[in-house]
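A look at the structure
What follows is the residue order along each chain.
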Amino acid sequence: WLGRALASAGMAVRQSTPAEHDASMAIIQALLHSLFVALCGTMQAGDLPPEVAMGLASPTMRLELGLAARILSQDPALYAELVVGNRAAPTQLDRLAEALRRLAALARAGDREAFAAAFLSARESFGASLAPLAARAEAALDRFG
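Counting secondary structure elements, the chain contains 8 helices and 0 strands. Helices (α) and strands (β) of the chain occur, in sequence order from the N terminus, as α-α-α-α-α-α-α-α. Reported as C-alpha extents along the three principal axes, the dimensions of the chain are approximately 55 × 35 × 35 Å. Sequence separation of 24 or more characterises 61% of the internal contacts of the chain that already satisfy a separation of 6 or more. Carbon together with sulfur atoms contributes 62% to the accessible area of the chain, which is approximately 10800 Å² in total.

Here it is in structure tokens:
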């Protein structure tokens, strides 16, 4: 009955087990929010304050910085719970760290072909979702200015 009531109110309803939910949220919430924290920490360590970055950034980076600012303006305890409170999060963060290490190794080696192959593999992972999601992102960039 709850699912029907939520659906009739216009909400998307997806049933899952607690373990399935936590595994998905480890990527959708914990990984994404950790990326923003890591990006901002990396910028800080590289002595690139957001106001300087904004003057140099592409439209995509400006939007990413806006999203980071939105997240970082909120309650840190909530985000700590989303990351630290999800037992599946460390595994996903380790996977991300390994993926970044592989990309850093390609950059260090000057292997443009391997990076392009990784890029194409990531693109292919979107399947039929690529074009509609890219169009939505383009519209968001246009609105963000």
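Here the narrative resumes, following the displayed structure.
The subject of this paragraph is the side chain of Ser-34. Residue position: Ser-34 is located in helix 2 (residues 18-45). Once you skip the residues sitting within four places of it in the chain, Ser-34 turns out to touch Val-83 and Leu-93.

The next subject is the nonpolar core. Within the largest apolar cluster, 5 residues are counted, these being Phe-36, Ala-68, Ile-71, Tyr-79 and Leu-82. Looking at this core, the elements that each hand over two or more residues are helix 4 (59-72) and helix 5 (76-84). Those residues in contact with Phe-36 that lie beyond four places of it in its chain are Glu-64, Leu-67, Ala-68 and Ile-71.

The subject of this paragraph is the pattern of salt bridges. Taken as a whole and assessed by the stated rule, the structure comprises 2 salt bridges. A salt bridge links Arg-101 to Glu-98; the shortest N-O distance between them is 3.3 Å. Residue Arg-101 and its partner Glu-98 are both found in helix 6 (residues 89-109); the two are separated by 3 residues, about one turn of the helix. One salt bridge in this structure joins Glu-98 and Arg-102, with 3.8 Å as the shortest N-O distance. Taken together, the residues Glu-98 and Arg-102, both in helix 6 and 4 residues apart, mark about one turn of the helix. Its relative accessible area of 33% is what places Glu-98 among the partly exposed residues. Residue classification places Arg-102 among the partly exposed residues on the basis of a relative accessible area of 49%. Via salt bridges that share partners, Glu-98, Arg-101 and Arg-102 belong to a single interconnected network.

About the cut-offs
Residue numbers restart at each chain and count upward from 1, following the sequence in its written direction. With pLDDT at 70 or above as the cut-off, local features in this predicted model cover only qualifying residues; side-chain atom pairs require 80 or more to be listed or tallied, and sums for whole chains, interfaces and linings still use all residues. With hydrogens and water stripped out, all remaining heavy atoms of the structure feed into the side-chain values. Labels follow the DSSP assignment, with helices taken as runs of H or I lasting at least four residues and strands as runs of E lasting at least two, numbered in each case from the N terminus. Contact criterion: two residues are considered in contact whenever any of their non-hydrogen atoms come within 4.5 Å of each other. Each accessible area is a Shrake-Rupley estimate made with a 1.4 Å probe; only the visible protein chains count as cover when residues are assessed. Among the buried residues, those of types Ala, Val, Leu, Ile, Met, Phe, Trp, Tyr and Cys that are joined through side-chain atoms within 4.5 Å form a nonpolar core. Accessible area is worked out with a 1.4 Å probe on protein chains only. A residue is then buried under 20% of its type maximum, exposed over 50%, and partly exposed in between. The term salt bridge refers to a pairing of a side-chain nitrogen on Lys or Arg with a carboxyl oxygen on Asp or Glu at a separation within 4 Å.

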